[in-house]
Every structure is written in structure tokens, then in C-alpha cells.
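Residues per chain, in single letters:
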Amino acid sequence: MNSQELLELLGQTFGGKIQNQTEFRGEWTYEIAANDLREIATFCREKLLFDYLVDITSIDNFGEEPRFEIVYHLYSMPRAFHLRLKLKVPDEEAAVDTVSDVWATANWHEREIYDMMGIKFNGHPDLRRILMWDGYPFFPLRKDFPLEGLPSEMPDVAFTKVTPLEGGPFVTVPSTATAKDREPRARPPEL
Amino acid sequence: MPETRGTAYDSKIEGNVIFTRFDAALNWVRKNSLWPMPMGLACCAIELMAAAASRFDIARFGAEVMRFSPRQCDVMIVAGTVTYKMALAVKRIYEQMPEPKWVIAMGACASTGGMYRSYAVLQGIDQLLPVDVYISGCPPRPEALLAGLIKLQEKISLERSFRNQKPELAERLEEALA
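Residues numbered from 1 in each chain as written. Chains lettered and ligands numbered in written order. Predicted model: local features only at pLDDT ≥ 70, side-chain atom pairs only at ≥ 80, totals over all residues. Heavy atoms only, no water.

Tell me about helix 1 (residues 22-31) of chain B, and name the residues and values.
Spacing of three or four residues puts side chains on the same side of an α-helix, whose turn is 3.6 residues. All names here are of chain B. Buried within helix 1 are the following residues: D23, N27 and R30. End-on, the buried residues of helix 1 take up no more than an arc of 60°, which puts them together on one face. Facing away from the buried side of helix 1 by more than 90 degrees, the exposed set consists of F22, W28 and V29. Looking at the packing, one finds that the buried side of helix 1 touches strand 3 (102-106), helix 5 (142-157) and helix 6 (161-165). (Buried < 20%, exposed > 50% of the residue type's maximum accessible area, 1.4 Å probe, protein only. Helix = DSSP H or I, 4+ residues; strand = E, 2+ residues; numbered from the N terminus. Arc of directions from axis to C-beta. Contact = heavy atoms within 4.5 Å.)

Here is the structure:
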């Protein structure tokens, strides 16, 4: 089965459940609903031989609805082929089904997303924070979390303070302008 | 050596005795045998290891005995980024070191948080520990660490060690002499 047939099989099996599909340089991205994730993930693993979950990433589209987006980067070792699955998660639920029983590596990826973004994973065997300590009260990669941090205190474990930014944050501007206009300067966020 | 004749000590050990201040002798012993606690937390630790290796050879300054037990150490070299998650662990290790003890903040991160103006990083280990010497650089070269070590030795040689260590005894001695 080549990659084209593989995608056709995926399309035939889940035709109605694939909301949108895009191609960029031979890599396909399928947008699916959060409810269908486990079904499609199991099919990809067992029938299409996507045996390697490269990464799970999460995006905070703050101000949009639904707010969060989760991207699953799959790779098939026997077929040398990439596939991306995308799904959206609304702010009020902020929960997706786990795929840690489909790909064991998802366990830590999902813990990291929970730690940084606060998205929960239903059925995860051990959903604890992985980078910050247990009991840290914030989710620091959310867009509404300030770069300088927020104070917190857990006696005998850890504490955090607000970081002095001295006029910052110093950010670059993505544009085609000259280096002088793009260079990092104090540009307070327009929130 | 006729000029030493008449002093109070036994002539048999003449020539093997020197007079000095107690503090000076104590400090001389301390500063030339600093046992570092290598608190390597990031890339500065690589330069710390280079300083200990043959090319830069921190043994020339008597600080080659890196101990991984804080109970045997004199100077903690905080080499690297101190995250908030690590901060209280660093403090706890420092508290386990026996007196007298000193701290070197090696590199930009340990001194001020460096380029990490972020929620996760302590903005300088001096918020938790009394730092004696700060070393700039990102990371500092081994020569800079050696320069910092020499600065610390200069600082130690000016300390009033006896008074700091035995304040009551020093007071009683002064009263007795007065």
C-alpha cells in the first residue's frame, strides 16, 4: 500500500468524520472532531501502521472559539509517511480522550500539555504535572498567563515571584522590514 | 641565625618557627584548600569541568577536590540556571555545608537569572544564598572562574576568622589582655 492508497482508505473509512484536509509538501493534515479521536487513532495505529507518535502539541488561540487546538504528529516507520491529526477543544470543557493506550509515548506528551495548557485527558493513567511541581496553581503556556509570571508559594517545595522585565518584554516583529525595524524592543502586549 | 637568640622558644626548633597572626594562618590554610561543591545546573557546569581538567587545572589554586557531598565542602559553585523548582533544593544543599562556607555565583543565570526573564527561573541565587563572588559571562570561560576563585581567596584572607568562629572566646581574650 503506498501513501496515496493509505489516505484513500482513511477517507473511505472515516469520510464523514474528517472535517477538512490540507496538503503541504507531501504531508497531510486531517482535521477531526475530538470525539472521534480514539477511533481514528486506533485505526491509524493498527490498520495503517502509524506506529510512531512523533509529538503532541497544543495551541492556545486565545480570543477565538473554540480556544484550544491539539495536533498529533504521526509517522509510519514501515511506510516512511507522515500524517497530522488536528482537533479543537473548547475552553469550558478543555478535555480530550487519552491515546496513551494506543501509543505509550503519549503518556508524557499528554502530561506536558496538561501541565502547560491545562487541557485534561480523559482516561489518562497518571495525569500529573510533569515540568512544574504538583500544586503549582497556573498553566504557564496559556496566552493569558503573563510572561513575567505570577507569585505562588508552597512551603518546603517551591515558590515563584514576578520577574522584573525592565520595560520589556523585548520582542521581535515578524515582517519584511529592515533589521532595524524588526529588532527586539520593548513592545508591551496589546491585551 | 644570631638575631633570633634570646627569644622565648627552644633553640632546637629554631628556624622552623614563624610568627604570624592567628587569623592570617587560619585564612591561609582555608583559602588554599577550598573544597568546592559543584552545583552544576546548566552549561556553566561544562566550563566548571573544564576548569577542573588538565588544561586549566583548578588544582593550582587548591580547589581541585570537588565533593559531591555538601558535608565535606567549603565553597558552593552555583554553575547554571536556577529554576524555581530547583531553588529550594539548592538552598537545602547549602544549609548542609559546614561553616565556614562561601558561595560563587558562576555566570549570568546564577547571578541574575540571565537571559531567562521568565516565570520558571529564579532571578539570581543571591535571593536565597549569601553570594561572595559573582562571575560574569554566558558561560564564563574557565579563566574567569579561576579569577573568581582568586578573588574569593583574597576575600577570605581579609576575614576575621577567629572572631567570627569563636566570638565569646575572642571577647574573653580581649578582656583578659586589657
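Could you give an account of the layout of surface pockets, with specific residues and numbers?
Using a probe with the size of a water molecule, rolled over the atoms, empty space left in the structure can be pinpointed. All names here are of chain B. Volume-wise, the second largest pocket comes out at about 200 Å³. Along its surface, the second largest pocket is lined by R30, Y94, E99, P100, K101, W102, D132, K155, E159, S161, N164 and Q165. Ranked by residue count, the leading element in the lining of the second largest pocket is helix 6, at three residues. (1 Å grid on protein atoms, 1.4 Å probe; cavity = no way out; pocket = protein on both sides within 12 Å on 5 of 7 lines; lining within 4 Å. Points joined across faces, edges and corners; volume = space filled by probe spheres on them.)

Which residues make up the environment of G148 of chain B, and what are the values?
Residues and elements named next belong to chain B. Within the element layout of this structure, G148 appears in helix 5. C-alpha separation for the pair G148 and C109, spaced 39 residues apart in sequence, amounts to 16 Å. G148 has contacts with V133 and I135, leaving out every residue within four places of it along the chain.

Describe the nonpolar core, naming the residues involved and giving the relevant values.
One finds L10, I70, Y72, L74, L83, V96 and V99 of chain A to be the most contacted residues of the largest nonpolar core, which totals 35 residues. Sequence-distant contacts of V99 of chain A, that is, excluding residues within four places in its chain, are made with L37, R38, A41, I56, Y72, A106 and E110 of chain A. Within the second largest apolar cluster, 27 residues are counted, among which are Y136 and F145 of chain A together with M97 and L129 of chain B. (Core = buried A, V, L, I, M, F, W, Y, C linked by side-chain atoms within 4.5 Å.)

Describe the side chain of R142 of chain A, with residues and values.
Residue placement: R142 of chain A occurs in the loop between strand 7 (120-122) and strand 8 (152-154). At 4.7 Å, D91 of chain A is the nearest oppositely charged side chain to R142 of chain A, a buried residue that forms no salt bridge. (Lys, Arg positive; Asp, Glu negative; His and termini not counted. Salt bridge = Lys/Arg side-chain N within 4 Å of Asp/Glu carboxyl O.)

So what's going on with helix 2 (residues 37-46) of chain A? Which residues, and what values?
All names here are of chain A. Burial in helix 2 covers these residues: L37, I40, A41, F43 and C44. When helix 2 is viewed along its axis, its buried side chains cluster within an angular range of 160° and face the same direction. Close packing links the buried residues of helix 2 with helix 1 (3-13), strand 2 (27-32), strand 4 (68-76), strand 5 (81-89) and strand 6 (95-97).

Kindly report on the interface of chain A and chain B, identifying the contributing residues and their values.
Between chain A and chain B, the residue contacts involve 21 residues of the former and 11 residues of the latter. Of the roughly 1,300 Å² buried between chain A and chain B, counting both surfaces, carbon and sulfur atoms make up 65%. Looking at the side of chain A facing chain B, the largest losses of area belong to F159, K161 and T163 of chain A, adding up to 37% of the total buried there. For the interface between chain A and chain B, the tally reads four residue pairs in polar contact (both at pLDDT 80 or more). Per-element tally for the side of chain A that touches chain B: the top contributor is strand 9 (residues 158-160) of chain A, with three residues. Of the residues in the side of chain A that touches chain B, the class split is 15 nonpolar, three polar and three charged. (Buried area = accessible area lost by both parts, 1.4 Å probe. Polar contact = N/O pair within 3.5 Å; in protein donor to acceptor, adjacent residues only side chain to side chain. Nonpolar A, V, L, I, M, F, W, Y, C, P; charged D, E, K, R; others polar.)

Tell me what's going on with the packing of aromatic side chains, and back it up with residues and numbers.
Throughout the structure, instances matching the rule amount to 11 aromatic pairs over all chains. Each ring, one from F14 of chain A and one from F43 of chain A, has its centre 5.2 Å from the other, and the planes form 80°; the classification is edge-to-face. One end of the pair, F14 of chain A, is in the loop between helix 1 and strand 1 (18-24); the other, F43 of chain A, is in helix 2, and 29 residues separate them in sequence. F43 of chain A matches F14 of chain A in its accessibility class, with the two residues each being buried. Ring-pair connections join several aromatic residues into one group, and the members of that group are W133, Y136, F138 and F145 of chain A together with Y119 of chain B. Over the face of the ring belonging to Y94 of chain B we find K101 of chain B, whose NZ or CZ atom lies 4.3 Å from the ring centre. (Phe/Tyr/Trp six-rings, centres within 6.5 Å; stacked < 30°, edge-to-face > 60°. Lys NZ or Arg CZ within 6 Å of the ring centre and 35° of its normal.)

I'd love a proper account of a nonpolar patch on the surface, names of residues and values included.
All names here are of chain A. There is a patch of nonpolar side chains on the surface, built from Y52, V54 and M77 and spanning about 260 Å² of accessible area. Mapping Y52 onto the fold places it in strand 3 (residues 52-60). Residue classification places Y52 among the partly exposed residues on the basis of a relative accessible area of 35%. (Patch = residues over 30% accessible without salt bridge, like charges linked within 9 Å, V, L, I, M, F, W, Y side chains within 5 Å. Areas by Shrake-Rupley, 256 points an atom, 1.4 Å probe, with all protein chains shown as cover.)

If you had to explain the sheet that holds strand 3 of chain A to someone new, which residues and values would you point to?
Residues and elements named next belong to chain A. Ordered in space as 1-2-5-4-3, the five strands form an open sheet in which the pairing is mixed. In this open sheet, the two edge strands, each paired with only one partner strand, are strand 1 and strand 3. Here the strands of the sheet are splayed against their neighbours by 20° on average, with no regard to which way each runs. Seen against the sheet, helix 1 touches strand 1, strand 2 and strand 5 and runs at an angle of roughly 30° to strand 5. In the packing of helix 3 (residues 106-117) onto the sheet, the strands contacted are strand 3 and strand 4, and the crossing angle to strand 3 comes to about 10°. (Pairing = 2+ DSSP bridges. Axes fitted to C-alpha atoms, helices over the stretch in contact; angles between N-to-C directions.)

Can you lay out unusual backbone geometry for me, pointing to particular residues and giving the numbers?
With an omega dihedral of -10°, the bond running from E65 of chain A to P66 of chain A counts as a cis peptide bond. Here P66 of chain A lies in the loop between strand 3 and strand 4. Residues E99 of chain B and P100 of chain B are joined by a peptide bond in cis, for which omega reads -5°. Relative to the helices and strands, P100 of chain B resides in the loop between helix 3 (84-96) and strand 3. One non-glycine residue, A80 of chain A, lies in positive phi territory at about 50°. Structurally, A80 of chain A can be placed in the loop between strand 4 and strand 5. Taking the relative accessible area as the measure of exposure, A80 of chain A reaches 54% and is therefore exposed. One non-glycine residue, D57 of chain B, lies in the positive phi region at around 55°. Mapped onto the elements, D57 of chain B comes out in the loop between helix 2 (44-52) and strand 2 (75-79).

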